[in-house]
Structure formats: C-alpha cells, structure tokens
Amino acid sequence: MKPGVLVKYKDFLPVTPETPLFSLGEGDTPLVRCSRLEQEIGCGELYLKLEGCNPTGSFKDRGMVVAIAKALEAGSQTIMCASTGNTSASAAAYAAHCGLSAIIIVPKGNIALGKLTQAIVYEAKIVAINGNFDQALSIVRSLTEKHPVTLVNSVNPHRIEGQKTAAFEIIDVLGNAPDYLFIPVGNAGNITAYWQGFVEYCQAGRASRKPSLMGFQAEGAAPIVRGRVIKKPQTVASAIRIGNPASWQQAVTARDESGGVIDMVSDEEIMAAHRLMATKEGIFGEPASAAPLAGLIKLSQQGMDFSTKQVVCVVTGTGLKDTDVVLKSAQPFLELPADLATVEQALGWG
Ligand code: AN7
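Predicted model only: the values in this text are computed from it and were never measured.

Undergrad: Help me out: how do you make sense of the sheet that holds strand S6 (residues 150-151) in this one?
TA: In any sheet, the strands associate via hydrogen bonds between backbone groups, in a parallel or an antiparallel arrangement. Taken in spatial order, the four strands make up an open sheet running S5-S4-S3-S6, and their pairing is parallel. The sheet terminates laterally at strand S5 (125-129) and S6, the two strands that pair on one side only. Where helix H6 (residues 133-146) meets the sheet, it contacts strand S3 (78-82), strand S4 (101-107), S5 and S6, and its direction lies at approximately 150° from that of S3.

Undergrad: Just to check I follow, could you spell out the sheet that holds strand S2 (residues 43-50) for this structure?
TA: Strand order across the open sheet formed by six strands is S1-S2-S10-S7-S8-S9, with mixed pairing between neighbours. Only two strands of the sheet have a single neighbouring strand rather than two, namely strand S1 (31-33) and strand S9 (261-265). On average, adjacent strands in this sheet sit at an angle of 25° to one another, irrespective of strand direction. Taken together, the five bridges between strand S8 (residues 212-218) and S9 define a ladder with parallel strand orientation. What sits directly across from Phe-216, in S9, is Asp-263. The strands touched by helix H12 (residues 267-281) within the sheet are S1, S2, S8, S9 and strand S10 (306-315), with S9 carrying the most contacts at an inclination of about 90°.

Undergrad: Could you clarify how one ought to interpret the site of the ligand in this entry?
TA: Surrounding the ligand, one finds 23 residues, the nearest of these being Asn-86, Thr-87, Asn-187, Ala-188 and Thr-316. With respect to the ligand, the backbone of Ala-188 contributes an N or O atom lying 2.8 Å from an oxygen atom. Within the backbone of Gly-189, one N or O atom sits 3.2 Å away from an oxygen atom of the ligand. When isolated, the ligand has an accessible area of 480 Å², and the protein chains bury 98% of it. Listing elements by their share of the shell around the ligand, those giving two or more residues are helix H4 (86-98), helix H9 (189-203) and helix H13 (287-301). Of the residues that constitute the shell around the ligand, the class distribution is nine nonpolar, twelve polar and two charged.

Undergrad: How do you make sense of the packing of H9 against helix H11 (residues 248-258) when you look at a structure like this?
TA: Packed helices, taken two at a time, are described by the angle their axes make and the gap between the axes. Relative orientation of the contacting elements H9 and H11 amounts to 45°, with a least axis distance of 8 Å. On the basis of the axis angle, H9 is oblique to H11. In terms of crossing hand, the pair formed by H9 and H11 is left-handed. Note on element contacts: H11 touches H9 through Gln-250, Ala-251, Ala-254, Glu-257 and Ser-258, opposite Ile-191, Thr-192 and Trp-195. Among the residues making up the contact of H9 with H11, the classes are represented as four nonpolar, three polar and one charged.

Definitions and limits used
Residues numbered from 1 in each chain as written. Predicted model: local features only at pLDDT ≥ 70, side-chain atom pairs only at ≥ 80, totals over all residues. Heavy atoms only, no water. Pairing = 2+ DSSP bridges. Helix = DSSP H or I, 4+ residues; strand = E, 2+ residues; numbered from the N terminus. Contact = heavy atoms within 4.5 Å. Axes fitted to C-alpha atoms, helices over the stretch in contact; angles between N-to-C directions. Near = heavy atom within 4 Å. Polar contact = N/O pair within 3.5 Å; in protein donor to acceptor, adjacent residues only side chain to side chain. Areas by Shrake-Rupley, 256 points an atom, 1.4 Å probe, with all protein chains shown as cover. Nonpolar A, V, L, I, M, F, W, Y, C, P; charged D, E, K, R; others polar. Parallel < 35°, antiparallel > 145°, perpendicular 65-115°, else oblique. Left-handed = near helix turned anticlockwise from the far one by under 90°.

Encoded structure:
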C-alpha cells in the first residue's frame, strides 16, 4: 500500500497528533526519462513528472489531502472551492472519502467534461456560473468568510504544503534538484508550492542546489507576463484560463529567487507540445500540462542551450479528462466491415 502524502512526508507537513491520516493513494508519481524528446529538443536529460497518475488525475490531490485533513481536524463539515475543474474533482473526491460535503463553483462551459463528470459522480453540490474562474473565486472567498465552510482553493496554505511534496519526490528520485523545472501557471499555487518544497529540502540538507523555475502561462491568459489583470482570459488550456492569479506575488518571488522566468506560449504551441508528448513518449496530458514542454521548446528554439542540462517538466493532469480537445481535430481513421480480406487489403497487405 502506498503511504500517501500525509504519512510519507509528515515531518515536513503541518501534521499534529490530532490530524487524521488517510490517503487515496496520492503522490509517488512517475518521473519518466524522455530520450526521444531529449533528441528532438537537444536537451541533456529530460524527465516528465506524471502528476496525472494521482487518484483524481491531477496534482491537486497532494494539496487536497492535507487541506481536507486539516478541515477535519478543525471540525469542519463542508468544504468549498472555485475551480477550472481539477481542484473541484479533487475536493469532491476527498470530501466523499471523508464524509464531508463539497460545494464547487465552476465557469459554465469552460470546464473539461471529464472534470465535471468527476464532480457529478462524487455528488458535490455544483454551481456553474456565467462567468470565469476569477469571478468564481471571488464569490467563494466572500461566502467562506461569511459561512461555516472551509475554503480549499490554494489560498488555503495547507494546499501549498501538500503540493510542495512533488518537489521532494523529484529530489528523492534524482538525488538532487534538476537545473530547471518547467511548470504551467494558472492561479500560481503550484509554482509557489514547488519553490517552497525545493527551498525546504535544501534547508533540510536533502539537496545541495535549487532549480530555476520556468513558469508558463497561455498567451491569452498571461497576467503575470503582461503585468496586468486579464479581464477575459482565453485559451484552449481551460485549466489555466485564469486572469488574476491568487498567488501572483508568490509566483514572482519564486521566479526571482530561483533565477527563472515566467513566460507564455500560444495555444498552437501548447497543442503542438501536447501532440509531441503523446506521439514521441506515449504520455497523454491535458492541454495545460503541455504548456511546460511548449515553453521548453520555445526557449530552445530561441537559442537557449539545454544540451548539458537536467530538465523536469511537470505534466500536471491527465489528458483523459479533456478528450474533446483531441477528438475535435482528430484525423479520420479506417472504418471497415468485419472481414479479414478487406482489413488486410486496407492495411496494405492486399
Ligand atoms: C492541469 O482546478 O486552477 O498555477 O481550479 O488543473 O497552481 O493554478 C487548476 C490549475 C496547471 C495551474 N495544470 O496550476 C483549478 C485550477 C492543471 C491545472 C494548473 C491547473 P496553478
């Protein structure tokens, strides 16, 4: 049995004797060496961290298990979040596992169907608003101040605490921090969490260096890159369709302290990387999860030399939640009668 994040990293987490310890199997996700992409890009060592292998299919489970444990410890009965989809899926699952009620607010029409399906099957109370994620988060912040409900968005510090364990795992596997960590940036909680994790592991003597953090937003939803709130964010990567990130300042700090960058990639670059990840390595991430690889390709094409560098890209969520985006642009495939000779001939062996 996998110990889960709470048990495995309890010495680094706000776990007290009163904190309930449970797990849906989050954490300990694969770090996959991608030699075909290394050749394609001209990268010394490239690893993809498959966060889609978490129980609800995204990195959110690492933070949610801690946030829910602390909510239980505090005697809370209901949790609430705004979400572009993955946070709500994770919140609803962990709430169900622990017998809590979950209320989620999502932007109508801009959440991948797999994620909505998760919230439905776990029987969260779902509110779809005619608005975007930023508006949903603003509503949730007000409601959780007024009512006895625990907010489990990443403005809840326990979420960040749990999510930092992904940085620990990378160091545990590689033996030290990589040169670069590429990561998508939406509400900016995860880049904040990774930086905290790398800093803490260094302080604890588990690593002798820290990586440069390379955050990537989508071009139509790039408030940090542009230095202003984006009122109507747009991108094919619905998970990071966020115009006013809650952890904006923390992300800028992570960037600056790590000597990294926060840059942006176009939807075309995201989808090209999404396809490359699948066809070159057999890894199916959701569009937002392809932003880091798109960023690595962009910087490499701009002349940045990664040929002697060790690079980790975080694939934050599984592609199975957002099949629409693939099927919409899919090439037609063969449809034939169930006849040996016909199939043989169509495959060119006729
Ligand atoms: C796959 O679920 O904001 O910068 O409400 O689902 O920590 O926000 C999701 C974000 C990257 C960005 N990749 O992380 C939500 C939500 C995937 C995501 C991000 C998200 P943050």
